[in-house]
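# Understanding the architecture of this molecule
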Amino acid sequence: MNFTDELVQWYLQNKRDLPWRNTTDAYVIWLSEIILQQTRVEQGLPYFYRFVERYPNVSSFAAAGEDEVLKLWQGLGYYSRGRNMLKTAKLVQEQYHGKFPQRYDDLIKLKGIGEYTAAAISSFSANEAKAVVDGNVYRVLARYFGIDEPINSTGGKKTFQELANNLINKKTPGLHNQAMMEFGAMLCKPKNPACGICPVHMNCFAFINNATSILPIKLKTVKVRERFFNYFLVTDGDSVLMNKRGDKDIWANLYDLPMVETASLLPLPELMDNPTVKEIFGNDIRISVDNLPVQKHILTHQRLYIRLIKIQSKPIKLDSNWFYTTVENLRNLAFPKPIVILIKNIFNL
DNA sequence: AATTCGGGGTT
DNA sequence: AACCCAGAATT
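Residues numbered from 1 in each chain as written. Chains lettered and ligands numbered in written order. Predicted model: local features only at pLDDT ≥ 70, side-chain atom pairs only at ≥ 80, totals over all residues. Heavy atoms only, no water.

## Topic: the overall build of chain A
In plain terms, the rule: Secondary structure elements follow DSSP: runs of H or I no shorter than four residues count as helices, runs of E no shorter than two count as strands, and numbering proceeds from the N terminus. Only protein chains enter the area calculation, which uses a 1.4 Å probe; residues under 20% of their type maximum are buried, those over 50% are exposed, and those in between are partly exposed. Note on contacts: a residue pair is in contact if any heavy atoms of the two residues lie within 4.5 Å. Each accessible area is a Shrake-Rupley estimate made with a 1.4 Å probe; only the visible protein chains count as cover when residues are assessed. In this tally, Lys and Arg are treated as positive and Asp and Glu as negative; His is ignored, and so are the chain termini. Charge coordinates come from a single atom per side chain, which is NZ of Lys, CZ of Arg, CG of Asp or CD of Glu.
Broken down by element type, chain A carries 15 helices and eight strands. Overall size of chain A, expressed as C-alpha extent along the three principal axes, is 80 × 50 × 35 Å. For chain A, the proportion of its 349 residues judged to be buried stands at 48%. Residue pairs in contact within chain A that sit at least 24 positions apart in sequence constitute 65% of those at least 6 positions apart. Taken as a whole, chain A presents about 18000 Å² of accessible surface, with 49% of it coming from carbon and sulfur. Here chain A contributes 43 positively and 34 negatively charged side chains, and the mean placements of these two sets differ by 3 Å.

Here you go:
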């Protein structure tokens, strides 16, 4: 048996039973694929069940509001996925009369669907022979064929996509794609791959050359930015002052509290002397609580230091994105993870 | 071509 | 702390 046939045989005997593998409904497969972008299966599973139950078809999704979708998405990260899903659902409802497209060339034009996702949906729902290349496939191909071109370089992406296209089984592309990814996820893992039970290790470049720990090659780029978010709690116990975030920065269109960002973690007197803070609260600011610990929140490109200051005086100037709402209504708003924690600590919601 | 978009698990 | 995850969009 050749390389890919071996992987398919391995897959048929070792695959996990995942809900999106038991359907050819392009809409359901689309849901699963967007949720799983840069997200582990175990983390995405509960969200997948939540979304198929709430939105069983394109029409129900297209009728949703953005706040509602983001609330369902809360905690999963990369929130543009949720916003793009709503745009795509609305477009599919209009242009395709609610029937989700299955052809690669149609799918690739939709918001939130790139090369990987278009190949996944078209091959799984209609057996179109398009090869998926995700993080798993990069790793399997780099190791087996001994490719040392960086997987995150422009040339590298092209090399791996072409190789995957040449390898794909044109009779059963969906099965082939599932097998490549599952093999990478379960056996040919990033650390400590299970080469001892690998069906193709005797022909694997990385195994033969003891190079599984250096392949695939990835250029490191990440530079982490430190940011300091000073949140203000303004509440009378019944209503509370909230902020709707804009569409540029992290957590676009989600909700948090009024906040002033500073360049460093300032002592409280210095913070309250900040021009922006004075503009908001005036000169006689009454503070009731500032003994809450600073929350450190780690993201891929940012380290956030989050502090909460409880203010008793009323602000004299409100930003256009600020609004008062009832504590009860907080249940309906989508918050970033650290704000979920803040609100839980304050209101026990 | 490089940067940005989350949150969580593994090592 | 570094790396990765069924990547895509923006700069």
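## Concerning the UniProt feature "domain: HhH-GPD" (unreviewed entry) in chain A
What counts here: UniProt positions are given in the numbering used here, feature names are shortened, and annotations may be inferred rather than shown by experiment.
The positions that UniProt labels "domain: HhH-GPD" (unreviewed entry) are, in the present scheme, residues 35-186. Across residues 35-186 one finds 65% helix and 0% strand; the C-alpha atoms that close the span lie 19 Å apart.

## Comments concerning the protein's contact with DNA strand B
This is how the line gets drawn: The cutoff for a nearby residue is simple: one of its non-hydrogen atoms must lie within 4 Å of the molecule or strand. Any pair of N or O atoms that falls within 3.5 Å is considered a polar contact. Within protein, one atom must be able to donate a hydrogen and the other to accept it, and sequence-neighbouring residues count only if both atoms are side-chain atoms.
Lining the immediate surroundings of DNA strand B are 23 residues, of which Thr-154, Ile-250, Trp-251, His-297 and Gln-302 lie closest. Sugar and phosphate atoms represent 57% of those atoms of DNA strand B found within 4 Å of the protein. In this structure, a sugar or linking oxygen belonging to DNA strand B sits 2.9 Å away from a main-chain N or O atom of Tyr-78. At 2.8 Å, a side-chain N or O of His-297 approaches a phosphate oxygen of DNA strand B.

## Comments concerning the protein's contact with DNA strand C
Around DNA strand C, a shell composed of 28 residues is seen, among which Arg-40, Gly-112, Gly-114, Thr-117 and Arg-139 lie nearest. Per the 4 Å cut-off to the protein, sugar and phosphate atoms form 67% of the nearby atoms of DNA strand C. Here a phosphate oxygen of DNA strand C and a side-chain polar atom of Arg-139 are 2.4 Å apart. Residue Lys-220 places a side-chain N or O atom 3.2 Å away from a phosphate oxygen belonging to DNA strand C.

## Details of the side chain of Gln-178
Relative to the elements of secondary structure, Gln-178 occurs in helix 11 (residues 173-186). Within the structure, the side chain of Gln-178 is placed 3.2 Å from the side chain of Arg-21, a separation counted as a polar contact. Ignoring any residue separated from it by four or fewer positions in sequence, one finds Gln-178 in contact with Tyr-11, Arg-21 and Phe-124.

## Some points on the state of the cysteines
Counted only if it meets this: A pair of sulfur atoms, both from cysteines and within 2.5 Å, is called a disulfide here.
Under the defined criterion, the tally for this structure stands at zero disulfides. In this structure Cys-198 is not part of a disulfide, and its nearest cysteine sulfur, from Cys-195, lies 6.3 Å away. For Cys-198, a relative accessible area of 11% puts it in the buried group.

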